[in-house]
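What follows is the residue order along each chain.
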Amino acid sequence: MEAQTAPKLQNPPKSRNPITELWWFFAISACVKLLLIPAYKSTDFEVHRHWLGITHSLPLSQWYSDETSIWTLDYPPFFAYFERFLSVFANLIDPQIVHLQKGLNYSSNTVLYFQRISVILSDLCLLYGVFRLTRNSDSMKQKMIWVLVIWSPMLVIVDHLHFQYNGFLLGILLISLSCLEEGRDLMGGFIFAVLLCFKHLFAVAAPVYFVYLLRHYCWKGLVRGFWRLSVLGTVVVAVFALAYAPFVYHGQMQQVIHRMFPFGRGLCHAYWAPNFWVFYIILDKVLAFLLGRLGFNIQAPAASFTGGLVGDSSPFAVLPQVTPATTFILVLISLTPCLIKAWRHPRPSLITRWVAYAYTCGFMFGWHVHEKASLHFVIPLAIVAVQSLDNARHYFLISIVSCYSLFPLLYEAQEYPIKVLLLLLHSTLMWLGFSAQFANGIALETANSGKKKDDDFQSKRRSVGAAQKGGFVIGWVHWSYLVSMLLVEIWGQFLHPIIFGDKLPFIPLMLISTYCGIGVMYSFIWQLKWILDS
Amino acid sequence: MKEAEKMEKSSKKKGNFRKGKEEKLIVESDGGWWWLIHRGITASFLSIALFSLLVRVAVSLHPYSGAGNPPKYGDFEAQRHWMEITLNLPIKDWYRNSTVNDLRYWGLDYPPLTAYQSYVHGLFLRFFSPESVALFASRGHESYLGKLLMRWTVLSSDALVFFPAVLYFVLVYYAGQNPSRRRGDIAWHIAIILLNPCLILIDHGHFQYNCISLGLTVGAIASVLSDKDLVACVLYSLALNHKQMSAYFAPAFFSHLLGKCLRRRYPVLEVLKLGIVVLGTFIVVWWPYVHSTEDFLGVLSRLAPFERGIFEDYVANFWCTTSVLVKWKRLFPTQSLKLISLGATVSTFLPSMIQQIWAPSKPGFLYGLLNSAFSFYLFSFQVHEKSILLPLLPASLLAMEEPTLYTWMTLYALFSMFPLLHRDKLVLPYLALSALFFLLNHVPNGRQATRDTSALRSSVTTVSVLCSVVLHVVYLSMHPPARYPFLFEALIMLVCFTHFVFLTLYANAKQWMLLKDSNLVDKEKKLL
């Protein structure tokens, strides 16, 4: 069906100009983001402001050793260079922004506007990535992807309210993916290496990249293959050298690595990201409770998860301690099926899906995962979502759930309507878009089947089948899962404060984590199954 | 039997085929936006409404009028004060000066429906933040929660009154139309009504409840369009009772309904019916005050602030603009100014009224609303710069027929409020919403704008747009000369006034031209 409809829709009216349309989408979202400038911002705002100060006021050799503020630089060098680049303009606008001491917790309008607008402008990178990925798709798919990525509610919440530069980084990832999809493997690998030097958390997909590039790019006979491998290796090493050489020169390498990998932070963040470890912790609690009832002597763990930061002592009462190495191995194991598939049939059309799956694995089993990391797979999955009805259904669920899992980031009353409206708007647009996309396919299918005069019975049955199966309908399990989100939210917002008052404040958050954890787990299994079946 | 079945099948198939083809044709002719309205008007209305609400919430993050500006603050404090008064005083004392109700400090001067609305919203505020509406003690109350709750009362009013009214209007307006019409256009029209930048900035930025009275008016207009005249009378009376400014539309409603009644069998009876409904609604709303003449006149005198002078600040209407040359306030006493302005207003809306009594028609009614509101804005007594919202409303409803008129009007309405919004520190939302409006007007592959590209017109457009852009920049970046501290305001006013005059002349001409068109149609019918 897909193959049949695609060429039909590809003869658009002459006036169509995708680039203007893309700019239009971007401009609309930029207007909304501009309006959101005075909204709540997290401490990440001050973190990034302080980084502007560090990179502007200090020589490179002290960037990673400075301790003026607790918000030390902990991103890789390219991001530091990026901050250095921004600080030039910040200095022109208001020198106090980049002052190391005077700038601390600086909160004038200039710094607010400067930083907020810098995020909005850095989203241009995302725009370019999306443009590259969609320039050969048909009009409807293009538009759906733009709606899903450029108008992503998650990016608005994380980047433009909470404050980070994810749109920019995801843009680099999308550019890299588009290069791979086009078959320009070397370029794709190069850009991915650059991305790793911006934010090392993206390294979860490195095994997929490695296997794919090895097989798809280098596996071309012995001599040619070896030549290509060495070219690829040189490029990657050159990128890393460019990033880290200055720090090696200043003898700062150890310090840089120490800052970038703070393993002392514990398995879970204060608010548990909705992943596998939520279930692990809950299982531990349940077991401890049951065994305690049965008369075993269970010692209460020294550190608790609900208390926030976790030290070195084991927070588990019954189940074994989890170390960074465990999580690392688990991530690798869960990645294996995908790696095998990539090894056997390195197909460019599947790379986006594999990378998204890799980030899902990282999110599921990783060490000290932030809820924000769900962006890493939700955004690439948007590219996959428009490919078929099943993908669309899956995406509908996972994007709503992961957007909901970001709600605790904005905990103040002022932003409450904003996050709710963002989620509702996103769901409605998805529903309208997907149902139009797939209903339209069916209409055309019917039209085509009408042409075949001879086997009318068969064609009729097929069209009826398509109509029954079709359109964008979500099963009742999905629906009831999504609707129960309402219950979780009502409990957390209204019933819990009424019943318990200020007591047990972690329960609503735990409920959200568990609820969303189920959805992410489902998505993980669904993606795994899809990859195995393909 | 089998033959018949086969026949049926093949005809069905052909039907399907045709349907599919139609679908495809629509897909192609509709450019990019057919998917938004694919599930029907209501579904796409839902998504656009959600977006508009999001924009409103985002605007409401910004400062309100008179924030942190004692002793009188601004409209925000006025509305909060009304909640405080209605919540804590007995209903008869709401409009009465007393030791606890100092009418000089934002005394209640809107009709009773506003007072009731303040009471209900006051209950909401008291539930969450009692100190924000405490009698006396809460004067000038400003807090995070207080601002938030107040903002939410406007948001909920908008969502509960204005949005459903617009949906009703759109459903009625496009009910009789050809279904093969470009479906994206309807979505565009919904967006353009809901995302009117002026209304959003005044209600959710500056702080007022125009959405309620305008929403009720839209409801009344939609009822008129669907021939439910009695409902229209009730809704319009409610609008009048929420804000007396809704009287700007009175001539149009009156003339259209009168014209309609005259064409019925028992005109007097019909008029009587409408009159009774209006009177009934008024009595219900005014019930606490109709028991004694003293109470009634007391409230009435609060609603007509004639002591304030013919204009305030800088508003782009006739009196204010010409006062640069003719000092009206010095030449005439207030009493005669009242009469002069009344005469000017009546004589300017009379032509449009006559047209509607003579030949009432649905498009004519919309033009009539525009024209009568415009004549009030330009010539009546005591006009605020915010009153431009009233003529803007029918213009937005007419946007599909008159896209150019609507665009120009919105831009200059925005511009005329720029000094006010600048004072309120709303320049950023002003710019963002203007950009949003521009983008909505230039949806790629959206509407196929039938653009007239005559050299004269495009050069006039360029000059006028350039003028306003330069004025914006000058206003923001330069200080006026000390001798004329309000020079820039006066210039802005002059530019806007000129545009408004041209627009109203055009709209009046259009309304009368409808007559010619309908005559032509009638003649054609006769010929056929």
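Residues numbered from 1 in each chain as written. Chains lettered and ligands numbered in written order. Predicted model: local features only at pLDDT ≥ 70, side-chain atom pairs only at ≥ 80, totals over all residues. Heavy atoms only, no water.

**Q** When you look at the pattern of salt bridges in this model, what are you seeing that I'm missing?
**A** Note on pairing: side chains with opposite charge can pair once their charged atoms come close. Inspection of every chain in the model, using the stated rule, returns 24 salt bridges over all chains. Note that A:Lys33 and A:Asp123 form a salt bridge whose closest N and O atoms lie 3.0 Å from each other. Of the two residues, A:Lys33 is situated in helix α2 (residues 18-35) and A:Asp123 in the loop between α5 (109-122) and α6 (124-134); the sequence distance between them amounts to 90 residues. Its relative accessible area of 7% is what places A:Lys33 among the buried residues. Note on A:Asp123: relative accessible area 3%, which makes it buried. Note that B:Arg264 and B:Asp229 form a salt bridge whose closest N and O atoms lie 3.6 Å from each other. One end of the pair, B:Arg264, is in the loop between α10 (250-262) and α11 (267-286); the other, B:Asp229, is in helix α9 (residues 229-242), and 35 residues separate them in sequence. (Salt bridge = Lys/Arg side-chain N within 4 Å of Asp/Glu carboxyl O. Helix = DSSP H or I, 4+ residues; strand = E, 2+ residues; numbered from the N terminus. Buried < 20%, exposed > 50% of the residue type's maximum accessible area, 1.4 Å probe, protein only.)

**Q** Looking at this model, I keep getting lost on the domain arrangement of chain B. Mind explaining?
**A** Often the size quoted for an interface is simply the accessible area lost on bringing the parts together. All names here are of chain B. For chain B, the assigned domains are domain 1 (219-304) and domain 2 (307-416 + 459-522). Between domain 1 and domain 2, the C-alpha centre-to-centre distance is 25 Å. Across the contact, 21 residues belong to domain 1 and 25 residues belong to domain 2. Roughly 1900 Å² of surface becomes buried between domain 1 and domain 2 when both sides are summed, with 78% attributable to carbon and sulfur atoms. Three residues stand out in domain 1 for area buried against domain 2, namely Tyr248, Phe249 and His256, and they jointly supply 36% of the buried area on that side. (Domains from an automatic or database assignment. Contact = heavy atoms within 4.5 Å. Buried area = accessible area lost by both parts, 1.4 Å probe.)

**Q** Is there a simple way to explain the packing of helix α18 (residues 403-416) of chain B against helix α20 (residues 427-441) of chain B in this structure?
**A** If you want to describe how two helices pack, look at the angle between their axes and the distance between the axes. Residues and elements named next belong to chain B. Between α18 and α20, the shortest axis-to-axis distance is 12 Å and the interhelical angle comes to 175 degrees. Taken together, the axes of α18 and α20 are roughly antiparallel relative to one another. Seen from α18, the contacting residues are Tyr406, Thr407, Thr410, Leu411, Leu414 and Phe415; seen from α20, they are Tyr430, Ser434, Phe437 and Asn441. (Axes fitted to C-alpha atoms, helices over the stretch in contact; angles between N-to-C directions. Parallel < 35°, antiparallel > 145°, perpendicular 65-115°, else oblique.)

**Q** Would you explain helix α9 (residues 166-182) of chain A in this entry?
**A** Owing to its 3.6 residues per turn, the α-helix brings residues three or four apart onto one side. All names here are of chain A. In a regular helix each residue adds 1.5 Å, so 17 residues correspond to 24 Å; α9 covers 24 Å between its end C-alpha atoms and thus fits that length. Along α9, 15 of the 17 residues are buried, which leaves the element largely enclosed by surrounding structure. Gly183 lies just past α9 and shows a positive phi near 90 degrees. (Expected span 1.5 Å × (residues − 1).)

**Q** Explain the environment of B:Val100 here, please?
**A** All names here are of chain B. Tracing the backbone through its elements, the reader meets Val100 in the loop between α3 (75-88) and α4 (112-128). By relative accessible area, Val100 is classed as partly exposed at 29%. Between the C-alpha atoms of Val100 and Leu113, which are 13 residues apart in sequence, the distance is 22 Å. Not counting residues up to four positions away in its chain, the partners in contact with Val100 are Ile85, Leu89, Leu135 and Phe136.

**Q** Can you walk me through the nonpolar core in this structure?
**A** Looking at soluble globular proteins, one finds that nonpolar side chains tend to be buried together. Among the nonpolar cores identified, the biggest contains 322 residues, and A:Phe434 and B:Phe162 are the most heavily contacted of them. Looking at which domains feed residues into this core, each of domain 1 (219-304) and domain 2 (307-416 + 459-522) of chain B supplies at least three. One finds A:Trp272, A:Trp277, A:Leu319 and A:Trp367 within the second-largest nonpolar core, a separate group that totals 11 residues. (Core = buried A, V, L, I, M, F, W, Y, C linked by side-chain atoms within 4.5 Å.)

**Q** Would you explain the environment of B:Pro444 in this entry?
**A** Residue and element names in this part refer to chain B. Turning to its location among the elements, Pro444 is positioned in the loop between α20 and α21 (455-477). When its relative accessible area of 13% is taken as the criterion, Pro444 is described as buried. Residues Pro444 and Trp33, 411 residues apart in the sequence, show an inter-C-alpha distance of 9.5 Å.

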